[in-house]
Amino acid sequence: MTAYHRPDAKTLQTLKDIANKLRIHSIEATQASNSGHPTSCCSSAEIMSVLFFHTMKYTLENPRGPANDRFVLSKGHAAPILYAAWAEAGLFDVSLLLNLRKLDSDLEGHPTPRLPFVDVATGSLGQGLSCAAGMAYTGKYFDKSDYRVYCIVGDGESAEGSIWEAMAFASKYKLDNLVAIFDVNRLGQSDPTALEHDMETYRKRSESFGWNTQVIDGHDVESLCKAFHDASTVKGVPTCILAKTFKGKGIEDVVDKMNWHGKPLGEKEAKKAVAALLEKIVHNEPHGLSPHHPTAVVPNVDISNIQLSEPPSYKKEEAVATRQAYATALVKLGKNNKHVVAMDGDTKNSTFAQKFQEAFPDRFIECYIAEQNLVGVGIGCACRDRTIPFISTFAAFLTRAFDQIRMGAISQTNANFVGSHCGVSIGEDGPSQMALEDLAMFRSIPGSTVFYPSDAVACERAVELAANTKGICFIRTSRPNIPMIYSNDETFAVGKAKVVKQSSADQVTVIGCCVTLVEALTAAKELEEEGISLRIIDPFTIKPLDAETIISNARRTGGRIITVEDHYAWGGLGDAVCSAVSECRDIVVKKLAVLEVPRSGKPAELVKKYGISSDCIKKAVHQILDM
């Protein structure tokens, strides 16, 4: 590792000048948009200058190139200074900065990957460091490369527990290619932060999480240069640079004052501030500093056309839980593509993700009981198409990370979520463990695909399809063993339902999934003795829903539909079907779903008590026929 050499005086002055230019750009851009966070930008100006013009290695030709260093602005409200840094580096003309927050500009109020230099969307605070940790893990253990990851964290957002989940994760996995820079500017949005400028407490907290920690003056470019160099020499632990800064630094009448968060300076104050900053710039000509060219060597990655190594091979008389089939399929994908990776939150012996860990221990990440970080790490691993991540835990626990999942959609991530132990059919563990709102949650995510496979064959194919589907995918898996519904050679497609039972005499269409599909088939068999014939549909994907198949079959059964789901009545299968047929005046839908917070009990008892058993379906059939 090269020894530290102090930059010459001209370079140091140029870095100071660039920092002030970044301040000017941030002030002018927020003034032009009449909104934004110029004071939050000003506290991080020297940090950005040193990172982008002295430390990081990247190319302007391909800002998200695989060999480039990565940068995450977790305090996403400081977006104007990020845009200014790339403009000063030469990626686009600085005049475009004045389009900040305009409808036809990708320079949005907070960073999103609509921009070619942004990996993950930030702005919902506390999330960037987890994504950065996922990128760093990918670099160290999957790519086995020496690119580095830098993340600026706001001191206000460090109150979020997810920041400390990420700190624990990065320390556990010795991510010495990760540098977190805490911009400790003392002031939050409405009040000073809890610790204000208590740098010693910040230091103790960081060190207690096992990070190499430095406390520096965040406005001293030479200290920053040395701190980043020293971080590159540290082995076996991540580095945290605690930069003491001042909000609004460089704006005389605003610096370190409350009530200046999230608003432009105003015309008079902006002109005064820009004039004062221009006086501080020694060399106002083009700065002449270019980013260092990447030196990392990264492997080629092909994550297209992912297939099972062999087709499903179940016996007709078998009963297999879909959670178990998930693991079987994941191992098959892993055999065929070395970029398939998996992670779990200490539930791998229940989600069966441990089967993948046993087969490919170097491609499995245990994230422990920290679901928000689990999701962030998965999103980070997916960045720049380096991996295909499968993220598993109990479906109920993914609700804790809904904000991270929501931000993942804004990040245009290709991450696959697998939630097991859904519904009352899990039995005695009780309502805290029962996912009864997960379908509604994932359906609400823009661009998501929601799989609800009904047997092991369908589940294996759902896993294969998810690996090849862009955007967020969710696969809902169940705890009970489910009899085989499909033959091993059955084909499946996103948005294509399966009619699993039909005849010309069918009077009602019943739609169910997995546990409730089995109940529907049982009800159909028993109703045949009464001379009542049911048509049974398995939607396979709840989103997109195969409306065409549902509507056409409903019309062949008198316009009668019954939906039955192991989920709350709000936002799940029933609501999806109602939405699909909402403009069809000749179709009526009766929904069977869980209507209250359930309790512990045996699965069969609970399915019956909460109105989704075969007996409940039979009763609903009689009711809809009598309407």
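This is a predicted model, so every value here is computed, not measured.

Trainee: Pulling in residues and values, what's your account of the overall build of the protein chain?
Mentor: Along the protein chain, the regular secondary structure elements total 22 helices and 19 strands. Relative to a compact globule of 627 residues, whose C-alpha radius of gyration would be 25 Å, the protein chain shows 28 Å and is just as compact. The principal-axis extent of the C-alpha atoms belonging to the protein chain is close to 90 × 50 × 40 Å. For the protein chain, buried positions account for 62% of its 627 residues. Here the contacts in the protein chain between residues at least 6 apart in sequence split such that 79% fall between residues at least 24 apart. Just so you have it, the protein chain exposes about 23,700 Å², and 49% of that area is on carbon and sulfur atoms. Once the 68 positive and 75 negative side-chain charges of the protein chain are each reduced to a mean point, those two points are 0 Å apart.

Trainee: Tell me about the sheet that holds strand E12 (residues 473–476), and please be specific about residues and values.
Mentor: The strands that make up a sheet pair up through hydrogen bonds in the backbone, lying either parallel or antiparallel. An order of E8-E7-E9-E10-E12-E11-E17 is seen for the seven strands of this open sheet, with the pairing classed as mixed. The two strands at the open ends of the sheet, each matched to only one other strand, are strand E8 (364–366) and strand E17 (541–543). Looking at each pair of strands side by side, their axes are set apart by 20 degrees on average, direction ignored. Sheet analysis places strand E11 (residues 449–451) next to E12, joined by three bridges and oriented parallel. Counterpart to Val450 in the pairing with E12 is Phe474. Helix-sheet contacts for helix H13 (residues 371–382) involve strand E7 (340–344), E8, strand E9 (388–394) and strand E10 (416–420), and the interaxial angle to E9 is about 165 degrees.

Trainee: Please set out the pattern of salt bridges residue by residue, giving values where relevant.
Mentor: Counted by the stated rule, this structure contains 30 salt bridges. By sharing partners, the salt bridges in this structure join Arg186, Glu196 and Asp256 into a single network.

Trainee: With reference to specific residues and values, describe the packing of aromatic side chains.
Mentor: The geometry of an aromatic ring pair is captured by the separation of the ring centres together with the interplanar angle, meaning the angle of the planes. The full count for this structure, using the stated rule, is 24 aromatic pairs. An angle of 50 degrees between the planes, with centres 6.3 Å apart, marks the rings of Trp164 and Phe182 as tilted. Taken together, the residues span a long stretch of sequence, with Trp164 in helix H6 (residues 161–172) and Phe182 in strand E3 (residues 178–184) at a distance of 18 residues. The burial state of Trp164 is the same as that of Phe182; both residues are buried. Seen from the ring of Tyr147, Arg70 lies directly overhead, with NZ or CZ sitting 3.6 Å from the centre.

Trainee: Requested: an account of the packing of helix H5 (residues 128–142) against H13, with residues and values cited.
Mentor: Helix packing for two helices is described by the angle between their axes and how far apart those axes are. Contact geometry for H5 and H13: axes closest at 6 Å, N-to-C directions at 55 degrees. Of the possible angle classes, the one that applies to H5 and H13 is oblique. Pair H5 / H13 crosses with right-handed handedness. For the pair formed by H5 and H13, the contact residues are Ser130, Cys131, Gly134, Met135, Thr138 and Phe142 on the first element and Asn373, Gly376, Val377, Ile379, Gly380 and Cys381 on the second. Grouping the constituent residues of the contact of H5 with H13 by class yields six nonpolar, six polar and no charged.

Trainee: Go over the side chain of Ser478 with me, naming the residues and quoting the values.
Mentor: Structurally, the position occupied by Ser478 is in the loop between E12 and strand E13 (482–483). Its relative accessible area of 0% is what places Ser478 among the buried residues. In this view, Ser478 contacts Ala321, Thr322, Arg323, Cys422, Tyr452, Cys514 and Val515; residues no more than four positions away in its chain are not counted.

Trainee: Summarise the packing of H5 against H6; cite the residues concerned and give the values.
Mentor: Running from amino to carboxyl end, H5 crosses H6 at an angle of 20 degrees, the nearest separation of the two axes being 8 Å. With respect to each other, H5 and H6 are oriented roughly parallel. Once H5 is placed against H6, the crossing between them reads as left-handed. On the side of H5, the interface is formed by Leu129, Ser130, Ala133 and Tyr137, while H6 contributes Ser162, Ile163, Ala166, Met167 and Phe169. Among the residues making up the contact of H5 with H6, the classes are represented as seven nonpolar, two polar and no charged.

Trainee: So, the sheet that holds strand E16 (residues 534–538): which residues are in play, and what are the values?
Mentor: With mixed pairing, five strands are arranged side by side in an open sheet as E14-E16-E15-E18-E19. Looking at strand neighbours, the two that pair on one side only are strand E14 (498–501) and strand E19 (588–594), the edges of this open sheet. Along the sheet, successive strands turn relative to each other by an average axial angle of 25 degrees, direction set aside. Where E14 meets E16, three bridges bridge the pair, whose relative direction is antiparallel. Pairing of Lys498 across the sheet is with Asp538, part of E16.

Trainee: Describe unusual backbone geometry, with residues and values.
Mentor: Each neighbour pair has its own omega, and for Lys543 with Pro544 the value is -5 degrees, a cis peptide bond. Of note in the backbone geometry, Arg101 takes a positive phi value of approximately 65 degrees without being a glycine. The topology assignment puts Arg101 in the loop between helix H4 (79–89) and H5. Positive phi is not limited to glycine here, since Phe540 has a value of about 65 degrees. Along the chain, Phe540 turns up in the loop between E16 and E17. Residue Phe540 is classed as buried on the basis of its relative accessible area, which comes to 0%.

Calculation criteria
- Residues numbered from 1 in each chain as written.
- Predicted model: local features only at pLDDT ≥ 70, side-chain atom pairs only at ≥ 80, totals over all residues.
- Heavy atoms only, no water.
- Helix = DSSP H or I, 4+ residues; strand = E, 2+ residues; numbered from the N terminus.
- Rg over C-alpha atoms; globule rule 2.2 N^0.38 Å.
- Buried < 20%, exposed > 50% of the residue type's maximum accessible area, 1.4 Å probe, protein only.
- Contact = heavy atoms within 4.5 Å.
- Areas by Shrake-Rupley, 256 points an atom, 1.4 Å probe, with all protein chains shown as cover.
- Lys, Arg positive; Asp, Glu negative; His and termini not counted.
- Charge placed at Lys NZ, Arg CZ, Asp CG, Glu CD.
- Pairing = 2+ DSSP bridges.
- Axes fitted to C-alpha atoms, helices over the stretch in contact; angles between N-to-C directions.
- Salt bridge = Lys/Arg side-chain N within 4 Å of Asp/Glu carboxyl O.
- Phe/Tyr/Trp six-rings, centres within 6.5 Å; stacked < 30°, edge-to-face > 60°.
- Lys NZ or Arg CZ within 6 Å of the ring centre and 35° of its normal.
- Parallel < 35°, antiparallel > 145°, perpendicular 65-115°, else oblique.
- Left-handed = near helix turned anticlockwise from the far one by under 90°.
- Nonpolar A, V, L, I, M, F, W, Y, C, P; charged D, E, K, R; others polar.

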